[in-house]
Amino acid sequence: MTEKPVTMQVYCRVEVIVTDPAAVSALAVRELRAADIDWSTEEDDLETAVEELRADLASSLAGVVDISGLVDGIPGVEFRGGLCWAEQAPARDPFQAAG
């Protein structure tokens, strides 16, 4: 008998140190250029998007982080999707109630 799959949410906060911001931005630009994007349907064009990545380390880092690897090697678990962003600021507790 196969059990019904259970959808779960996993919340993580990861702190990293970026030792080479230019390398991060360069990787983000390479991945953007290699992406299969129909720029005619976008608000920006490729070169505008490239310049925005080069000017925003947080966007570049968030764009190249692969969160799908978080469950690699865990039997019976399939990565379905997620949200990743980066901030250059002191850590905040997103689970703490505002008050």
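Scroll up for the structure.
So, how was this worked out
Note that residues are indexed from 1 along each chain, following the sequence as it is written. Predicted model: local features are reported for residues with pLDDT of at least 70 only, side-chain atom pairs are reported and counted for 80 or more only, and whole-chain, interface and lining totals are derived from all residues. The basis for every side-chain value is the complete set of non-hydrogen atoms in the structure, without hydrogens or water. Each patch is built from residues that are more than 30% exposed by relative accessible area and take part in no salt bridge. Like charges join if they lie within 9 Å; nonpolar side chains (Val, Leu, Ile, Met, Phe, Trp, Tyr) join within 5 Å. All accessibility values rest on the Shrake-Rupley procedure with a 1.4 Å probe; residue burial counts only the protein chains present in the view. In what follows, salt bridge is the name for a side-chain nitrogen of Lys or Arg lying within 4 Å of a carboxyl oxygen of Asp or Glu. Counting rule for charge: Lys and Arg are taken as positive, Asp and Glu as negative, and neither His nor the chain ends is counted. For the purpose of locating charges, the reference atoms are NZ of Lys, CZ of Arg, CG of Asp and CD of Glu. Secondary structure elements follow DSSP: runs of H or I no shorter than four residues count as helices, runs of E no shorter than two count as strands, and numbering proceeds from the N terminus. Should any heavy atoms of two residues lie within 4.5 Å, those residues are counted as being in contact. We define a nonpolar core as any set of buried Ala, Val, Leu, Ile, Met, Phe, Trp, Tyr and Cys residues linked to one another through side-chain atoms lying within 4.5 Å. Classification of residues uses two cut-offs on accessible area relative to the type maximum, computed with a 1.4 Å probe and protein chains only: under 20% is buried, over 50% is exposed, and between them is partly exposed. Any pair of N or O atoms that falls within 3.5 Å is considered a polar contact. Within protein, one atom must be able to donate a hydrogen and the other to accept it, and sequence-neighbouring residues count only if both atoms are side-chain atoms.

## Describing a negative patch on the surface
Alright, step 1. Together, Asp-36, Asp-38, Glu-42 and Glu-43 make up a negatively charged patch on the protein surface.
Alright, step 2. Note on placement: Glu-42 falls in the loop between α1 (21-34) and α2 (46-55).

## Let's talk about the environment of Glu-15
Alright, step 1. Of note, Glu-15 is situated in the segment before α1.
Alright, step 2. Separated by 76 residues in sequence, Glu-15 and Ala-91 have C-alpha atoms that sit 8.4 Å apart.

## A few points about the side chain of Ser-25
Alright, step 1. The residue Ser-25 is located in helix α1 in this model.
Alright, step 2. Ignoring sequence-local partners within four residues, the contact set of Ser-25 consists of Leu-53, Arg-54, Leu-57 and Ser-60.

## A few points about the nonpolar core
Alright, step 1. Counting residues in each nonpolar core, the largest one holds six residues, listed as Ala-28, Val-29, Leu-32, Ala-49, Val-50 and Leu-53.
Alright, step 2. Elements supplying a minimum of two residues to this core: α1 and α2.
Alright, step 3. Contact partners of Val-50, with chain neighbours within four places excluded, come to Val-29, Leu-32 and Arg-33.

## Focus: the environment of Thr-41
Alright, step 1. The residue Thr-41 is located in the loop between α1 and α2 in this model.
Alright, step 2. Assessed through its relative accessible area of 59%, Thr-41 is described here as exposed.
Alright, step 3. At a separation of 2.8 Å, a polar atom in the side chain of Thr-41 contacts the main-chain carbonyl oxygen of Asp-38.

## Looking at the side chain of Ser-60
Alright, step 1. Structurally, the position occupied by Ser-60 is in helix α3 (residues 57-64).
Alright, step 2. Residue Ser-60 is classed as buried on the basis of its relative accessible area, which comes to 0%.
Alright, step 3. Apart from residues lying up to four places away in sequence, Ser-60 is in contact with Val-24, Ser-25, Ala-28, Leu-53 and Arg-54.

## Notes on α3
Alright, step 1. For α3, the complete set of buried residues consists of Ser-60, Leu-61 and Ala-62.
Alright, step 2. Against α1 and α2 lie the buried residues of α3.
Alright, step 3. N-cap assignment for α3: the residue whose side-chain oxygen lies 3.2 Å from the backbone N of Ala-58 is Asp-56.

## So, the pattern of salt bridges
Alright, step 1. Applying the stated rule across the entire model yields two salt bridges.
Alright, step 2. Linking Arg-33 and Glu-47 is a salt bridge whose minimum nitrogen-to-oxygen distance equals 2.9 Å. In this pair, Arg-33 sits in helix α1 while Glu-47 sits in helix α2, placing the two residues 14 residues apart along the sequence.
Alright, step 3. The residue Glu-51 makes a salt bridge to Arg-54 at a minimum N-O spacing of 3.1 Å.

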